[in-house]
There are 2 protein chains.
Amino acid sequence: MSTNFDIVQLRSSCATCSLRELCLPVGLNDQEVHLLGEVVSHKRKIRRGGYLYHTSTKFQTLYAIKSGFFKTCILEEDGRQQVTGFHMTGELLGLDAISGDLHTCDAIALENSEVCEIPFGKLEEISRTIPSLMRHFHKIMSREIVRDHSIMLLLGSMKAEERLASFLLNMSRRFAIRGYSETSFILRMTREEIGSYLGLKLETVSRAFSKLQHETLITVNNKHIQILDLDRLKLKMGNTSCLT
Amino acid sequence: MSTNFDIVQLRSSCATCSLRELCLPVGLNDQEVHLLGEVVSHKRKIRRGGYLYHTSTKFQTLYAIKSGFFKTCILEEDGRQQVTGFHMTGELLGLDAISGDLHTCDAIALENSEVCEIPFGKLEEISRTIPSLMRHFHKIMSREIVRDHSIMLLLGSMKAEERLASFLLNMSRRFAIRGYSETSFILRMTREEIGSYLGLKLETVSRAFSKLQHETLITVNNKHIQILDLDRLKLKMGNTSCLT
DNA sequence: TTGTTTAATTGATCTAAATCAATATAACCG
DNA sequence: CGGTTATATTGATTTAGATCAATTAAACAA
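Residues numbered from 1 in each chain as written. Chains lettered and ligands numbered in written order. Predicted model: local features only at pLDDT ≥ 70, side-chain atom pairs only at ≥ 80, totals over all residues. Heavy atoms only, no water.

(A) Quick look at the protein's contact with DNA strand C. Near DNA strand C, the surroundings consist of 20 residues, among which Lys159(A), Ala160(A), Thr204(A), Arg191(B) and Ser210(B) are the closest. Between Arg207(A) and DNA strand C, the recorded distance is 3.0 Å, taken from a side-chain N or O atom to a base oxygen. In the environment of DNA strand C, a sugar or linking oxygen lies 3.3 Å from a nitrogen or oxygen atom belonging to the side chain of Asn222(A). It is helix α6 (residues 202-214) of chain B that contributes the most residues to the surface near DNA strand C, 5 residues altogether. Across the surface near DNA strand C, the residue classes break down as 4 nonpolar, 7 polar and 9 charged. (Near = heavy atom within 4 Å. Polar contact = N/O pair within 3.5 Å; in protein donor to acceptor, adjacent residues only side chain to side chain. Helix = DSSP H or I, 4+ residues; strand = E, 2+ residues; numbered from the N terminus. Nonpolar A, V, L, I, M, F, W, Y, C, P; charged D, E, K, R; others polar.)

(B) Focus on the interface of chain A and chain B. Chain A puts 49 residues into the contact, and the matching count from chain B is 49 residues. Taken over both partners, the interface formed by chain A and chain B buries close to 4500 Å², and the fraction arising from carbon and sulfur atoms is 58%. Where chain A packs against chain B, one counts 3 salt bridges. A salt bridge links Glu162(B) to Arg80(A); the nearest nitrogen and oxygen atoms lie 3.3 Å apart. Joining chain A to chain B, the criterion identifies 15 residue pairs in polar contact (both at pLDDT 80 or more). Listed by contribution, the elements that provide at least two residues to the side of chain A that touches chain B are β7 (81-88), α2 (120-127) and α3 (131-157) of chain A. Ranked by residue count, the leading element in the side of chain A that touches chain B is α3(A), at 20 residues. A breakdown of the residues in the side of chain A that touches chain B according to their chemical character gives 20 nonpolar, 16 polar and 13 charged. (Contact = heavy atoms within 4.5 Å. Buried area = accessible area lost by both parts, 1.4 Å probe. Salt bridge = Lys/Arg side-chain N within 4 Å of Asp/Glu carboxyl O.)

(C) View of the sheet that holds strand β4 (residues 51-53) of chain A. All names here are of chain A. Spatially, β4-β9-β6-β7 is the arrangement adopted by the 4 strands of the open sheet, whose pairing is antiparallel. The sheet is open, and its two borders are formed by β4 and β7, each paired with just one other strand. On average, adjacent strands in this sheet sit at an angle of 30 degrees to one another, irrespective of strand direction. Where strand β6 (residues 69-75) and β7 come together, 7 bridges link them in antiparallel fashion. When the sheet's bridge partners are listed, Thr72 is paired in β7 with Gly85. The sheet strands contacting helix α4 (residues 160-177) are β6 and β7, and the helix crosses β7 at an angle near 30 degrees. (Pairing = 2+ DSSP bridges. Axes fitted to C-alpha atoms, helices over the stretch in contact; angles between N-to-C directions.)

(D) A look at helix α1 (residues 30-39) of chain B. Residues and elements named next belong to chain B. Within α1, the full set of buried residues consists of Glu32, Leu36, Gly37 and Val39. Angular distribution of buried residues about the axis of α1 spans 155 degrees; they occupy a single face of the element. In α1, the exposed residues that point more than 90 degrees away from the buried face are Asp30, Gln31 and Glu38. Against the buried residues of α1 lie β10 (113-119), α2 (120-127) and α3 (131-157). (Buried < 20%, exposed > 50% of the residue type's maximum accessible area, 1.4 Å probe, protein only. Arc of directions from axis to C-beta.)

(E) Here's a closer look at the packing of aromatic side chains. Overall, the coordinates contain 14 aromatic pairs over all chains when judged by the stated rule. In textbook terms, an aromatic cluster arises when at least three aromatic residues are bridged by ring pairs, as seen for Phe86(A), Phe167(A) and Tyr197(A). (Phe/Tyr/Trp six-rings, centres within 6.5 Å; stacked < 30°, edge-to-face > 60°.)

(F) Here's a closer look at helix α5 (residues 191-198) of chain A. Most of α5(A) is tucked away, with 7 of its 8 residues classed as buried. Positive phi shows up at Gly199(A), right after α5(A), with a value of about 70 degrees.

(G) Quick peek at the relation of the copies chain A and chain B. Between chain A and chain B, which share one sequence, the superposing operator has a rotation angle of 180 degrees and an axial displacement of 0.0 Å; the RMSD is 0.0 Å. Within this description, the copies of the chain are treated as partners about a two-fold rotation axis. A shared interface surface links the copies, since 100% of the contact residues of chain A are contact residues in chain B too. (Least-squares fit on C-alpha atoms with pLDDT ≥ 70 in both.)

(H) Highlighting the UniProt feature "domain: HTH crp-type" (unreviewed entry) in chain A. UniProt feature "domain: HTH crp-type" (unreviewed entry): in the numbering of this structure it lies at residues 158-231 of chain A. For residues 158-231 of chain A, the helix share is 55%, the strand share is 15%, and the end-to-end C-alpha distance is 18 Å. (UniProt positions renumbered as here; feature names shortened; annotations may be inferred.)

(I) Region of interest: the packing of α4(A) against helix α6 (residues 202-214) of chain A. All names here are of chain A. Running from amino to carboxyl end, α4 crosses α6 at an angle of 75 degrees, the nearest separation of the two axes being 9 Å. Taken together, the axis directions place α4 and α6 in an arrangement best described as roughly perpendicular. Facing Ala160, Glu161, Leu164 and Leu168 of α4, the residues of α6 in contact are Thr204, Val205, Ala208, Phe209, Lys211 and Leu212. Tallied by class, residues from the contact of α4 with α6 come to 7 nonpolar, 1 polar and 2 charged. (Parallel < 35°, antiparallel > 145°, perpendicular 65-115°, else oblique.)

(J) Geometry of the side chain of Gln82(B). Here Gln82(B) shows up in strand β7 (residues 81-88). Within polar-contact distance, the side chain of Gln82(B) engages the backbone oxygen of Ser196(B) at 3.1 Å. In this view, Gln82(B) contacts Met152(A), Leu153(A), Gly156(A), Ser157(A), Thr72(B), Cys73(B), Ile74(B), Ser196(B) and Tyr197(B); residues no more than four positions away in its chain are not counted.

(K) How the structure looks around the protein's contact with DNA strand D. Close contacts around DNA strand D come from 20 residues, with Arg191(A), Arg207(A), Ser210(A), Ala160(B) and Thr204(B) the closest. A breakdown of the atoms of DNA strand D within 4 Å of the protein gives sugar and phosphate a share of 67%. In this structure, Arg207(A) approaches DNA strand D through a side-chain N or O atom, which is 2.9 Å from a base nitrogen. Take Arg207(B): an N or O atom from its side chain is 3.0 Å from a base oxygen of DNA strand D. Put simply, the parts of the chain that give the surface near DNA strand D at least two residues each are α6 of chain A together with α6 of chain B. In terms of residue count, the dominant contributor to the surface near DNA strand D is α6(A) (5 residues). Partitioning the surface near DNA strand D into residue classes produces 4 nonpolar, 7 polar and 9 charged.

(L) Quick peek at the confidence of the model for chain A. Residues and elements named next belong to chain A. In this model, chain A carries an average pLDDT of 85, and 86% of its residues clear a pLDDT of 70 or more. Here residues 1-5 is modelled with pLDDT under 50, and outside its nearest four sequence neighbours on either side it reaches 12 contacts, counting other chains as well. Under a pLDDT of 50 for its full length, residues 10-24 has, in the predicted model, 34 contacts with residues more than four places off or in other chains. (pLDDT = per-residue confidence, 0-100.)

Below is the structure:
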C-alpha cells in the first residue's frame, strides 16, 4: 500500500471549511483539485448520537470525516445489532450505498463530528477525466474489502483476548496515521459497541481489558487506553496479520 | 439492486470460448461489447484443487468464472485458515488485489473450472469511455462490501444452526440466479470449509446439518442438499436479512 | 476388485464465553 | 449540587460449541 491516507485528507493547517481545504494523496494538480472542490459539499455537522445516515437513506453520497468519530451498524428487526465498523477523522464513509439505492447500515456519530459530502455520481464523473483519482478510489474500495476479510478472520478464528488485542492495535495504527499518539488514546465507543464489533458480549470485553491490564500490556482508565508494550500486544493476537 | 448478474455473465447459448461469448448486463452496444472483448483474455482452465491465484500473486487481474467453483481463503503462518468466500459460475473474483500489488488471499478451485482474465488496468481504461460499465463495476465492489458486512453479522451474532440456514439459503439463491434449482444442489466444499467460512468446527457443521434434517427442513446426502421447506428454513435463521 | 486415504457422522467430555446478578463508577440534567 | 441514568467491572453459574475419540462412508488409486 503506497499511501495510508484515504481519499480525502484534511490539510493539517486548514481552519475554515470549504472544499479547498481538502487535498488528495494522488498527486492532483491545482486544476484537478479545483475540479474536485466543485464536487465536495461544504461541511455538515452531526451531534454526538446523531445519525449521519440511516439504512433507508436514498442518496448515494460518500462522506469524508473532517473531524469526529462514527460507528456504522446493522440493526435487525429482532433487536440484534451488529457494529460493522468504526470510522475516524480523515476516513471515508458510505461505500455501502453504491450497490443499490439504499444504505445497508446506519452511521451514528460517537462524538460531535463534521463531514464533507461527496455525491458519488459526481465523483464518478470527474474521476473519468482524472485517472489517478479513479485509481485511488478503486484502491479505497478494495482496501475496504480486504479489511472486511481481516475481520472475518478475527470473528471466525480468534479468541476474546486476541480479538481485543487486534482491535487495540488497529485503533493504535489508525490514530498514528492521523498524527495522534499510537500508545495513548480515548476510545469513543462503549464496551458494548466494541463487543458487538468483535462478536463478544460487553462483560467479556471488560474482562479481556482487565486481563491485558493485569499482564501490564495496557493501562485502562474507562475509555482512556494506554498501550505499555506494543510488541508484546502484537504477540498476544497470535502473529496474525489481522485488521489491516 | 436492478440486476442479479455480475459483471461478466455467460451467454447461455455460447459453446466456444472467445470473448464475444461474454455479455454485460449493462446495456452495452455492439461496439462497446467489442471493446470489452479486446480486454478480456481467452479462458484459462484450473483443475480441481489448483490455485487460480496465490496470496503473493502480483497481477491486478480480475477473473470472471466461466464455469466451476472456487473458494478464497486466508492462510496464516500459524496454520489458521479462514475461508472468506465461495464463488460460483458467473461470479467475479479477485477484487482484493486492487488495493495493493498483491492478493490478500488464495483462490482455489473446488472443481475443474474455467475463468476469463480481465486485467484491471485495462478495464479501468475502457470503463472511462463507457460510463455504464464503470457504474456497474462500482456496484459490484460495493455489493461485495455489503456482503461482507452480512457475514460479519452472521459471525458476530448468530448461532450454529442459524449460520448454516443462512448459508444454505444464500447458496440456494445464488444457484437460482444462475438458473439452477434452488432446492436441490451439490455443495462443492467440505464440511471443514463450510465450518471455516461460518466460524464453526466441522463437527458442529455436521451436527447442524443433522439437526436441520431431523426437523425435515432439508435432506442431506453427503454433499447433495435438498431444501424441503424454504420458508421454514428462512424462519430458522431468525428473520435476519443476512447473506445478501 | 481391494486396500488406502479422505470426508462425514455421532457420542462423550471439556471449556471459553454467555448469561445472570450485584456493585461501582462515570455522565447527565433539572 | 444531588439525584437519575448510562456505563463498567467483577463474581457465580450455565451452556453452546470446541475438543477428543470412535465409526462409517465415500473417493481414489493400484
